[in-house]
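Architecture at a glance
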Amino acid sequence: MSKLAIYPGSFDPITNGHINIIERSLLIFDKLVVAVAINASKNALFTLEERVAMIKEATRNNPNVIIDSFEGLLADYVAEKEINVIVRGLRALSDFEYEFQMTFMNRKLNRHVETIFMMTGLRWFYVNSRIIKEVAVAGGSVKGLVPDVVCERLREKYPRYRERNNS
Ligand code: PNS
């Protein structure tokens, strides 16, 4: 039986830190569902469709990545898909409390699910979607921190980014 795990997140947008976790997860699992949360409460920079399209493009060489989206509780989605392992990346200590709460809440909601953590690659330790958005919207370059497709979409969407980042 092939080993399956899920990597859930907002991916607004996907970063090279996410890609690093995806690639390393696939050294352990045969297939990885990258599941984009439809999170109405968050102020998203990219639409769900844009986020999914960027993940597709950034992972197009990896046939073991399955991209999906979900609305509502992650615990329900994994139960429906019969997935028992959630993968999450951990950067600094500051991630810990939130991840700790989520892990226990997910486990309370679905006692079959286990969450495992991977330390984010050292190169991407300071990279998260929030800081990428903040810098990019103000025109700062995020080249090298996100897949090229994200830079392209930022250029298309944000004149300020385009003006200051032509290549
Ligand atoms: O990349 P993020 O924003 O840190 O991912 C958080 C995410 C999407 C995994 C989390 O917010 C989530 O699972 N949302 C779905 C709704 C849900 O199940 N909430 C309760 C989690 S305990």
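Computed from a predicted model, the values in this text were never measured in an experiment.

Conventions used here
Residues numbered from 1 in each chain as written. Predicted model: local features only at pLDDT ≥ 70, side-chain atom pairs only at ≥ 80, totals over all residues. Heavy atoms only, no water. Salt bridge = Lys/Arg side-chain N within 4 Å of Asp/Glu carboxyl O. Helix = DSSP H or I, 4+ residues; strand = E, 2+ residues; numbered from the N terminus. Buried < 20%, exposed > 50% of the residue type's maximum accessible area, 1.4 Å probe, protein only. Contact = heavy atoms within 4.5 Å. Patch = residues over 30% accessible without salt bridge, like charges linked within 9 Å, V, L, I, M, F, W, Y side chains within 5 Å. Areas by Shrake-Rupley, 256 points an atom, 1.4 Å probe, with all protein chains shown as cover. Pairing = 2+ DSSP bridges. Right-handed = clockwise from strand over helix to strand, strands pointing away.

A full pass over the atoms with the stated rule returns 10 salt bridges. R153 is the partner of E156 in a salt bridge, and the nearest nitrogen-oxygen pair spans 3.1 Å. Within this pair, E156 and its partner R153 are both found in helix α6 (residues 148-157), separated by three residues, close to a single helical turn. Accessibility expressed as a relative area gives 53% for E156, which makes it exposed. The network of salt bridges with common partners includes E152, R153 and E156.

On to the environment of M118, then. Looking at the secondary structure, you find M118 in strand β5 (residues 114-119). Between the C-alpha atoms of M118 and N20, which are 98 residues apart in sequence, the distance is 9.9 Å.

Turning to its location among the elements, S25 is positioned in helix α1 (residues 16-25). When sequence neighbours within four positions are dropped, the list of residues in contact with S25 reads L32, V87 and M118.

On to unusual backbone geometry. For the bond from D12 to P13, the omega torsion is 0°, close enough to zero to count as cis. Residue position: P13 is located in the loop between β1 (4-9) and α1.

Right, let's talk about a nonpolar patch on the surface for a bit. Together, L93, F96, F100 and F104 make up a nonpolar patch on the protein surface, roughly 480 Å² of accessible area in all. Its place among the elements puts F104 in helix α4 (residues 96-109). For F104, a relative accessible area of 52% gives the class exposed.

Across the six residues that make up β1, a large majority, five, are buried. Of the strand pairs in this sheet, β1 and strand β2 (residues 31-37) are connected by six bridges, and their pairing is parallel. Counted as the bridge partner of I6 is V33 from β2. Note that the unit made of β1, α1 and β2 has a crossover that is right-handed.

Below, the discussion takes up the side chain of T120. Here T120 shows up in the loop between β5 and α5 (129-137). For T120, the contacting residues outside a window of four places in its chain are G17, N20, I21, R24, G89, L90, R91 and F125.

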